[in-house]
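Structural features, examined
Letter by letter, the chains look like this.
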Amino acid sequence: MYIEEIRVRGTVQGVGFRPTVYRLAKSFGLKGDVCNDGEGVLIRVCGSEKQLQEFVDKLYEECPPLAKINELVRSRYLEKFDFDDFVISHSINNTIKTEIAADAATCPQCQKEIFDPFSRYFRYPFTNCTHCGPRLSIIRAIPYDRNNTSMVKFPMCGECEKDYQDVENRRFHAQPVACFTCGPRAWIERADGKPVISDMFSMLDDVDAVCTLLQKGNIVAIKGLGGIHLACDATQETAVQKLRERKRRYHKPFALMARDINIISEYCYINDLEQALLTSPAAPIVLLKLKEDKKVADSVAPGQNSLGFMLPYTPLHHLILRRMKLPIVLTSGNISDEPQCIDNEDAKEKLGKIADYFLLHNRDIVNRVDDSVVRVIDSKIQTFRRARGYAPAPIVLPSGFEKVPPILAMGSELKNTFCLLREGEAILSQHLGDLENAAAFNAYQDTLNLYLNLFAHKPEIIAIDKHPEYLSSKLGKELATVNQIQLNEIQHHHAHIAACMAENKIPLDSEPVLGIAFDGLGYGVDGKLWGGEFLLADYYQFERIATFKPIPMIGGEQAIYQPWRNAYAQLINALTWEEINQKYSDLEIIRFLENKNPKLLNQIIDKGINSPLTSSVGRLFDAVAAAIGICREECGYEGQAAIEMEAIADVNILNNDEETLNYPFNFENSDKIYCIDSAPLWLGILNDLQQKISPSEIAAKFHISLASVITTIVKKLSQIYKFNQVALTGGVFQNRILLEQVTKRLQKTGINVLTHSIVPANDGGLSLGQAVIAAANYLKVTGDR
């Protein structure tokens, strides 16, 4: 007989892994035990060589749905072995190296039970098992045991305890298991503080009553899994507009939830991969192409040709929507730009003037977790926001990163995430939002402290963005100083490219790739604002070999939200204002800009008054959008102009792009850097506007022309530099048209194109890039490559 210790690392706690081990061990007649500890799951087992091998093979085959085995190590067990059966032992508290599972959508079995009148879970809004339910949102410490979660205040009743101890039950050691007798409860409150009279609804219970409230046009704040949402009927324009005005979110699209796939398919086209995403345990918001014949309220997603839909992912949502045959808006419960509320009293204070009613419950949300957002582009998943359902699942790093010390990367200012890097894997936090908002920055610090404690992470290196004013960078410097930790400042666009390389498993010592990083802006090594960059890069370093001609951002940050400023700066790069007036004074955009005092604007630019130069392609998109009448005066959120321009682009032109006459660009080569000048593009656009060419045609031509110039510059650079892979990254490459056009054109030249999938192309993926660059340079210095 053989006695072995089997160490299993990965996502193996709180997902039914120990019950699976127990069941298989019993079926093979093995003796020993299994327990959770800080590294994952530890199995001590005795049996024949054949039995043990078959047992391990079956572990891989029958791994539970939410579990993931990253590593299974077998070794001889040499200590005292005193087992005459196989048992589940108590957890061991030791060095923490295990993973925390992401929150998971309600499994089919639990869905069936909440609608089964003969089940004791009938209509119970917190039903869960080892295959589904809360994980990250309720955990305070590792190991993942009930006393380390917000379920600690709900002692199990006899029936739940029986299920919990029954190895044949799928609730065996499911930490959040509960029922009506012993678990959390949900209730309705009126926002005005008046008592709720049950006769008002004549419904089954408070949760069911929410459906009636929504149908009557009310706004209801609903406490869910990782935060509180605001909901209303998505087909009632009055209700949606009321929500926009009260929430002070005037333009950004709202997310939607529908009872089932059939309802979503009435409004949007859904392919197989999109359906698989919607129905997966992660249950993200999926951006879907809008059907022309049936629409939700106009105010749901103004200026868009897609809608963001999700399916119910908790029993609470399933029960609310049971009678709802229409989609509902389900948007973050916050005042615009603030973090989502997670606490009952905080929600009543902050959302009391937005919601008419509250559906609250008494299970604490420990960790705020927003809904994830994804889209399918070219049959590949693109993550826009990585949060519920995905975080904090680790990202296994490429070969070469196995021996890195603990590293903390602080992320960016907008769409922030931070990253913990250790032993060949990266743990990205959930999306934490824009740190410009004080409440968001406070939440960022709280979440960072929680992760550092949860994972017992003691960084030896801290990586930050080079921008001196980013709050995340300032905090990183402070932490490095106080704790005497090495600090690495990482260039913004190099981090974007490294993140793309890492998720595409490019090994540490690979040849450099050509990274094309297009975004709103990032701090360059020359102290200027970059955003249209071609960098020859590996994990260690980069060389800037091409860029777009820098154009003034008139008014600095104001130019991000007032696209006309970018249009004016671009136009006077092409012609003088006098020439523009002579030739194009009849155009609407020129008449508009004439009223903005061009003489003063020219003086501001000439004297460099709050008009920093930027090579940003994001600002170029804003400028073109303004020229054709999209968000000309102002944007409600960053990128709105570009998103709405993408939505109107003429599909027929895009489908026949090889027949399209492109807008030209100029190329200059100075100081070994190619510079792309957009001046000729603007002459083409102005001429098209004079010829009454429609905005949708111009939008399509612009996308095609930009893709064409990118391909041209790549070809030029390939004659000078050695590379065979191109990484497309930065927020601009969330644009479906540009990503598809560039990918298609580059692949025709035989170049391998790397794009994002599991981490966002936007700043949400930046911390991963910061971490791997810091790791690479550590390994280079120490010689541990």
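Above this text you will find the structure in question.
Read on for a plain summary of the structure. Worth saying up front: this structure is predicted, and the values here are computed from it rather than measured. (Residues numbered from 1 in each chain as written. Predicted model: local features only at pLDDT ≥ 70, side-chain atom pairs only at ≥ 80, totals over all residues. Heavy atoms only, no water.)

Focus: the overall build of the chain
- From N to C terminus, the chain includes 25 helices and 30 strands.
- Against the globule reference of 28 Å for 785 residues, the chain gives a C-alpha radius of gyration of 28 Å, in line with a compact fold.
- Principal axes of the C-alpha set define a box for the chain whose edges measure 95 × 70 × 50 Å.
- Out of the 785 residues in the chain, the part that is buried amounts to 62%.
- Within the chain, counting contacts between residues at least 6 apart in sequence, those at least 24 apart form 73% of the total.
- On the chain, roughly 30,500 Å² of surface is accessible, and the fraction owed to carbon and sulfur atoms is 48%. (Helix = DSSP H or I, 4+ residues; strand = E, 2+ residues; numbered from the N terminus. Rg over C-alpha atoms; globule rule 2.2 N^0.38 Å. Buried < 20%, exposed > 50% of the residue type's maximum accessible area, 1.4 Å probe, protein only. Contact = heavy atoms within 4.5 Å. Areas by Shrake-Rupley, 256 points an atom, 1.4 Å probe, with all protein chains shown as cover.)

Remarks on the pairing of strand 13 (residues 357–361)
- Of all five residues in strand 13, five are buried, a share of seventy percent or more.
- Side-chain alternation along strand 13 places Tyr-357, Leu-359 and His-361 on one buried face and Phe-358 and Leu-360 on a second face that is also buried.
- As paired strands, strand 6 (residues 186–190) and strand 13 are joined by five bridges and run antiparallel to one another. What sits directly across from Glu-189, in strand 13, is Phe-358. (Pairing = 2+ DSSP bridges.)

So, the environment of Pro-406
- Positionally, Pro-406 belongs in the loop between strand 16 (395–396) and strand 17 (407–409).
- The exposure class assigned to Pro-406 is partly exposed, which follows from its relative accessible area of 22%.
- Placed 99 residues apart in sequence, Pro-406 and Leu-307 show a C-alpha to C-alpha distance of 40 Å.
- In this structure Pro-406 touches Leu-421, His-457, Lys-458, Pro-459, Glu-460 and Ile-461, once residues within four positions along its chain are discounted.

What to know about the sheet that holds strand 4 (residues 68–76)
- Across the sheet, five strands lie side by side as 4-1-3-2-5; this open sheet has mixed pairing. A strand with exactly one partner marks an edge of an open sheet, and here the two such strands are strand 4 and strand 5 (86–88). With direction set aside, neighbouring strand axes in the sheet form an average angle of 15°.
- Strand direction decides the pairing type here: strand 2 (residues 31–37) and strand 5, joined by three bridges, are parallel. Bridge pairing in strand 5 places Gly-32 opposite Phe-86.
- On top of the sheet, helix 1 (residues 17–27) reaches strand 1 (2–11), strand 2, strand 3 (40–47), strand 4 and strand 5; it is set at about 170° to strand 5, its chief contact.
- Sitting on the sheet, helix 2 (residues 49–61) touches strand 1, strand 3 and strand 4, and the angle it makes with strand 4 is about 165°. (Axes fitted to C-alpha atoms, helices over the stretch in contact; angles between N-to-C directions.)

So, the side chain of Thr-729
- Tracing the sequence through the fold places Thr-729 in strand 29 (residues 725–729).
- Residue Thr-729 is classed as buried on the basis of its relative accessible area, which comes to 0%.
- Polar side-chain contacts of Thr-729 include one of 3.3 Å to the backbone oxygen of His-496.
- Apart from the residues within four sequence positions on either side, Thr-729 is in contact with His-496, Ile-497, Cys-500, Ile-516, Ala-517, Phe-518, His-756 and Ala-761. (Polar contact = N/O pair within 3.5 Å; in protein donor to acceptor, adjacent residues only side chain to side chain.)

Quick look at the side chain of Asp-371
- Turning to its location among the elements, Asp-371 is positioned in the loop between strand 13 and strand 14 (373–377).
- Within the structure, Asp-371 has its side chain in polar contact with the side chain of Tyr-313 (distance 2.9 Å).
- Of the polar contacts made by the side chain of Asp-371, one reaches the side chain of Arg-388; its length is 2.9 Å.
- If we skip the residues at most four places from it in the chain, Asp-371 touches His-229, Ile-285, Met-310, Tyr-313, Arg-385, Ala-387 and Arg-388.

Some remarks on the pattern of salt bridges
- Tallying each qualifying case throughout the model produces 44 salt bridges.
- For Asp-208, the salt bridge is made with Arg-323, and the minimal N-O distance between the two is 3.2 Å. Linking Asp-208 in helix 5 (residues 206–215) with Arg-323 in the loop between helix 9 (315–320) and strand 12 (328–332), this pair joins segments that are 115 residues apart in sequence.
- Each of the salt bridges in this network shares a partner with another, and the network as a whole consists of Arg-7, Arg-9, Asp-37, Glu-39 and Glu-71. (Salt bridge = Lys/Arg side-chain N within 4 Å of Asp/Glu carboxyl O.)

What to know about unusual backbone geometry
- A cis amide bond links Ala-391 to the next residue, Pro-392, at an omega of 5°.
- With respect to the secondary-structure elements, Pro-392 resides in the loop between strand 15 (380–385) and strand 16.

Comments concerning the nonpolar core
- Counting 79 residues, the largest nonpolar core has Ile-516, Phe-534, Leu-706, Ile-710, Val-714 and Leu-717 as its most contacted members.
- By residue number, the principal contributor to this core is helix 23 (residues 695–718), which donates twelve residues.
- Setting aside residues up to four positions removed in sequence, Val-714 forms contacts with Leu-514, Ile-516, Phe-723, Val-726, Leu-746 and Ile-751.
- The next biggest cluster of nonpolar side chains, apart from the first, holds 73 residues, and it includes Cys-179, Phe-384, Ala-387 and Ile-464. (Core = buried A, V, L, I, M, F, W, Y, C linked by side-chain atoms within 4.5 Å.)

Here we look at the environment of Leu-311
- Following the sequence through the fold, Leu-311 ends up in the loop between strand 11 (306–310) and helix 9.
- For the pair Leu-311 and Ile-461, spaced 150 residues apart in the sequence, the C-alpha separation amounts to 41 Å.
- When residues no more than four places from it in sequence are discounted, the contact partners of Leu-311 are Met-257, Ala-258, Arg-259, Asp-260, Ile-261, Ile-264, Leu-278 and Thr-279.

A word on the pairing of strand 12
- The buried count for strand 12 comes to five of five residues, which makes it a mostly enclosed element.
- The sheet contact formed by strand 8 (residues 228–233) and strand 12 spans five bridges and is antiparallel. In the strand pairing of strand 12, Asp-233 is matched with Ile-328.
- Note: strand 9 (residues 255–257) against strand 12, two bridges, orientation antiparallel. The partner of Leu-256 across the bridge, within strand 12, is Val-329.

Coordinates in, geometry out; function isn't part of it.
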